[in-house]
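# Structure at a glance
So the chains spell out like this:
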Amino acid sequence: MGLVVQKFGGTSVGSPEKIMNAARRAIEEKNSGNDVVVVVSAMGKTTDHLVSLAAEITQKPSKREMDMLLSTGEQVTISLLTMALQAQGYDAVSYTGWQAGIKTENVHSNARISGIDSDKINEQLQAGKVVVVAGFQGLADGQEITTLGRGGSDTTAVALAASLKADKCDIYTDVTGVFTTDPRFVKSARKLDGISYDEMLELANLGAGVLHPRAVEFAKNYGVPLEVRSSSEKERGTLIEEETKMEQNLVVRGIAFEDQVSRITVSGLPSGLKTLSTIFKTLASHGINVDIIIQSSTDSSLASLSFSVKTGDVEETVHVLETYQSELGFEKIESEGGLSKVSIVGSGMVSNPGVAAEMFHVLAEEGIEVKMVSTSEIKVSTVISHDDMVKAVEVLHDAFELSQQPAKVL
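The structure displayed is predicted, hence computed values, not measured ones.

What counts, and at which threshold
Residues numbered from 1 in each chain as written. Predicted model: local features only at pLDDT ≥ 70, side-chain atom pairs only at ≥ 80, totals over all residues. Heavy atoms only, no water. Helix = DSSP H or I, 4+ residues; strand = E, 2+ residues; numbered from the N terminus. Rg over C-alpha atoms; globule rule 2.2 N^0.38 Å. Contact = heavy atoms within 4.5 Å. Areas by Shrake-Rupley, 256 points an atom, 1.4 Å probe, with all protein chains shown as cover. Buried < 20%, exposed > 50% of the residue type's maximum accessible area, 1.4 Å probe, protein only. Pairing = 2+ DSSP bridges. Axes fitted to C-alpha atoms, helices over the stretch in contact; angles between N-to-C directions. Parallel < 35°, antiparallel > 145°, perpendicular 65-115°, else oblique. Left-handed = near helix turned anticlockwise from the far one by under 90°. Nonpolar A, V, L, I, M, F, W, Y, C, P; charged D, E, K, R; others polar. Patch = residues over 30% accessible without salt bridge, like charges linked within 9 Å, V, L, I, M, F, W, Y side chains within 5 Å. Salt bridge = Lys/Arg side-chain N within 4 Å of Asp/Glu carboxyl O. Phe/Tyr/Trp six-rings, centres within 6.5 Å; stacked < 30°, edge-to-face > 60°. Lys NZ or Arg CZ within 6 Å of the ring centre and 35° of its normal. Arc of directions from axis to C-beta.

## Regarding the overall build of the chain
For the chain, the count of helices and strands is 12 helices and 18 strands. A compact globule built from 410 residues should have a C-alpha radius of gyration of about 22 Å, and the chain, at 23 Å, falls within 12% of that. When the backbone C-alpha atoms are referred to their principal axes, the chain occupies close to 75 × 55 × 35 Å. If you take every contact in the chain between residues at least 6 apart in sequence, the share linking residues at least 24 apart comes to 75%. When the accessible area of the chain is evaluated, it comes to approximately 18900 Å², of which 49% is carbon and sulfur surface.

## Topic: the pairing of strand β9 (residues 168-173)
Of all six residues in β9, six are buried, a share of seventy percent or more. Of the two faces of β9, the one holding Lys168, Asp170 and Tyr172 and the one holding Cys169, Ile171 and Thr173 are both buried throughout. Relative to β9, strand β1 (residues 3-8) runs parallel, the two sharing five bridges. Following the sheet pairing, Gln6 is matched in β9 by Asp170.

## Remarks on the packing of helix α2 (residues 46-57) against helix α3 (residues 63-87)
Between α2 and α3, the shortest axis-to-axis distance is 9 Å and the interhelical angle comes to 150°. In terms of their interaxial angle, α2 and α3 are classed as roughly antiparallel. For the crossing formed where α2 meets α3, the hand is right-handed. The residues of α3 that touch α2, namely those facing Thr46, Thr47, Leu50, Val51 and Ala54, are Met66, Leu69, Leu70, Thr72 and Gly73. Looking at the contact of α2 with α3, its residues break down into six nonpolar, four polar and no charged.

## Re the sheet that holds β1
One open sheet accounts for eight strands, arranged β3-β6-β2-β1-β9-β11-β12-β10; its pairing is mixed. Two strands in the sheet have a free side with no partner beyond their single neighbour: β3 (92-95) and β10 (194-196). For this sheet, the mean inter-axis angle between neighbouring strands, taken without regard to orientation, is 20°. The strands touched by helix α5 (residues 152-163) are β1, β2 (35-40), β6 (130-134), β9 and β11 (226-230); relative to β2, the strand with the most contacts, the crossing angle is about 155°.

## Focus on the sheet that holds strand β15 (residues 302-310)
Pairing within the open sheet is antiparallel, and its six strands lie in the order β14-β15-β13-β16-β18-β17. Only two strands of the sheet have a single neighbouring strand rather than two, namely β14 (293-297) and β17 (372-376). Neighbouring strand axes in the sheet, compared pairwise and without regard to direction, differ in orientation by 25° on average. Of the strands in this sheet, β13 (254-270), β16 (332-345), β17 and β18 (379-385) touch helix α6 (residues 197-205), which is tilted by about 65° from β13. Against the sheet, helix α8 (residues 275-285) touches β13, β14 and β15, its axis set at about 30° to β15.

## Topic: a nonpolar patch on the surface
Residues Val76, Leu80 and Met83 make up a contiguous nonpolar surface patch of about 250 Å² in total accessible area. Mapping Leu80 onto the fold places it in helix α3.

## Observations concerning the packing of helix α1 (residues 16-31) against α3
In the contact formed by α1 and α3, the axes pass within 9 Å of each other and the chain directions differ by 60°. Between α1 and α3, the crossing angle belongs to the class labelled oblique. Helix-helix and strand crossings are classified by hand; for α1 and α3 the assignment is right-handed. Between α1 and α3, the contacting residues are Ile19, Met20, Ala22, Ala23, Ala26 and Ile27 on the first element and Leu80, Leu81, Ala84 and Leu85 on the second.

## Considering the packing of aromatic side chains
Counting across every chain of the model gives four aromatic pairs. When the ring of Phe185 is compared with that of Phe257, the centres are 5.2 Å apart and the planes differ by 80°; the resulting orientation is edge-to-face. Of the two residues, Phe185 sits in the loop between β9 and β10 while Phe257 sits in strand β13, which places them 72 residues apart along the sequence. A ring pair is formed by Phe280 and Phe307, whose centres lie 5.6 Å apart and whose planes are at 75°; its orientation type is edge-to-face. Of this pair, Phe280 sits in helix α8 while Phe307 sits in strand β15, and the two are 27 residues apart along the sequence. Geometry around Tyr95 places Lys120 over its ring, the cationic atom sitting 5.2 Å from the centre.

## With respect to helix α11 (residues 355-365)
Val355, Met359, Val362 and Leu363 are the residues of α11 that are buried. What you see down the axis of α11 is that its buried residues fit within an arc of 95°, all on one side. Turned more than 90 degrees from where α11 packs its buried face, Ala364 and Glu365 sit exposed. Taken together, the buried residues of α11 touch β16, β18 and α12 (389-399).

## Section: the environment of Asp119
Note that Asp119 resides in helix α4 (residues 119-126). Taking the C-alpha atoms as reference, Asp119 lies 8.0 Å from Gly101; in sequence the two are 18 residues apart.

## Examining the pattern of salt bridges
Counting across every chain of the model gives 21 salt bridges. Between Lys7 and Asp154 there is a salt bridge whose closest N-O contact spans 2.9 Å. Pair noted here: Lys7 is in strand β1 and Asp154 is in helix α5, with a separation of 147 residues, a long-range link. A relative accessible area of 8% places Lys7 in the buried class. In this structure, Arg236 and Glu227 form a salt bridge, with 2.5 Å as the shortest nitrogen-oxygen distance. Judged by relative accessible area, Glu227 falls into the buried class, the value being 3%. Ionic contacts of the salt-bridge type, sharing partners, join the residues Lys168, Asp170, Glu227, Arg229 and Arg236 into one network.

Following this line, the structure appears as structure tokens:
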């Protein structure tokens with residue numbers, strides 16, 4: 001007898017019929033002899049609806065009150081799913097995040113989980129009940145309700161699995177698993193049987209929307225095996241664990257991409273050891289995330305710096321830099337929008353030199369200009385024109401033979 005944590009996203013519980021389907025999945029696991037904890041998101045577009053309601057009241061709602069509002073979405077789902085389980089003759093109980101003992105830092109709208117008191121859940125599991133928990137929320141010091149930000153229900157599920165020492169955490173979504181790239185854009189994209197934590201973390205950080213990076217990081221840190229599965233199709237999904245033996249002969253495991261990327265170029269910077277740290281500390285203090293960074297010297301005393309940010313942050317980035325121009329000492333700022341980032345990811349790159357060279361060759365053959373590059377041991381990211389994004393993903397997917405099913409390694 002084991003313990004399984006199941007997580008159902010908003011689209012998987014978006015209607016009474018889908019909630020009944022989620023209940024059946026939990027019952028199947030219970031009937032196989034396992035204890036079951038189910039974590040759920042708000043139904044369908046509930047969160048969007050609540051956000052729009054707030055906007056009708058005020059354009060600047062406080063983050064505290066938004067947490068109070070948004071946390072109600074999951075409360076609807078947990079009660080309905082518990083009713084569905086009880087209607088099928090199964091003993092079940094629902095808990096909000098704070099009732100389930102999920103503690104967070106005292107930050108509204110994007111809190112991190114700081115600890116879990118799982119005694120109440122364990123007590124109900126020992127009584128034979130299915131425990132249904134609201135994802136995306138917790139309780140900070142001072143009895144403050146907080147929410148965990150985007151992907152918060154994934155993080156809740158993995159954190160609970162770690163705290164409860166679950167044998168597995170199944171993430172049910174509207175896709176059948178993790179694909180070599182987004183099948184909505186590349187028809188030959190193939191579902192992976194397995195992928196490592198590190199590879200999934202890179203893909204998630206680089207734009208793959210199947211799992212939130214924070215959830216993958218939690219799973220890696222605590223050794224929680226994850227499986228991304230379809231909530232509607234009864235088939236195996238993609239297993240995410242420390243090392244996968246299923247497709248070791250793949251040098252590149254997947255391709256991630258994201259649009260809404262812009263490049264900021266700061267020219268005429270004084271050369272010096274503290275120039276970079278001063279600029280990026282200034283941006284970080286205003287909550288601006290910087291991605292790819294390139295520095296070049298123009299002469300003995302001046303340098304030029306380019307970095308990428310999300311397009312939505314361009315206006316604030318330029319404003320912050322201009323505000324501190326006298327302290328930073330640069331001459332000019334330029335911005336370029338209409339860009340995208342395309343990345344290849346695979347642990348096989350470590351022992352296979354020339355992967356980056358092949359990527360650049362393939363893009364050059366298609367006349368796709370690479371504007372910026374970033375690398376790590378298991379990924380190569382390029383910033384290119386948004387107009388070339390889909391073509392770049394398609395040709396790279398073909399070049400690295402990701403549509404072909406590799407032989408299994410036993």
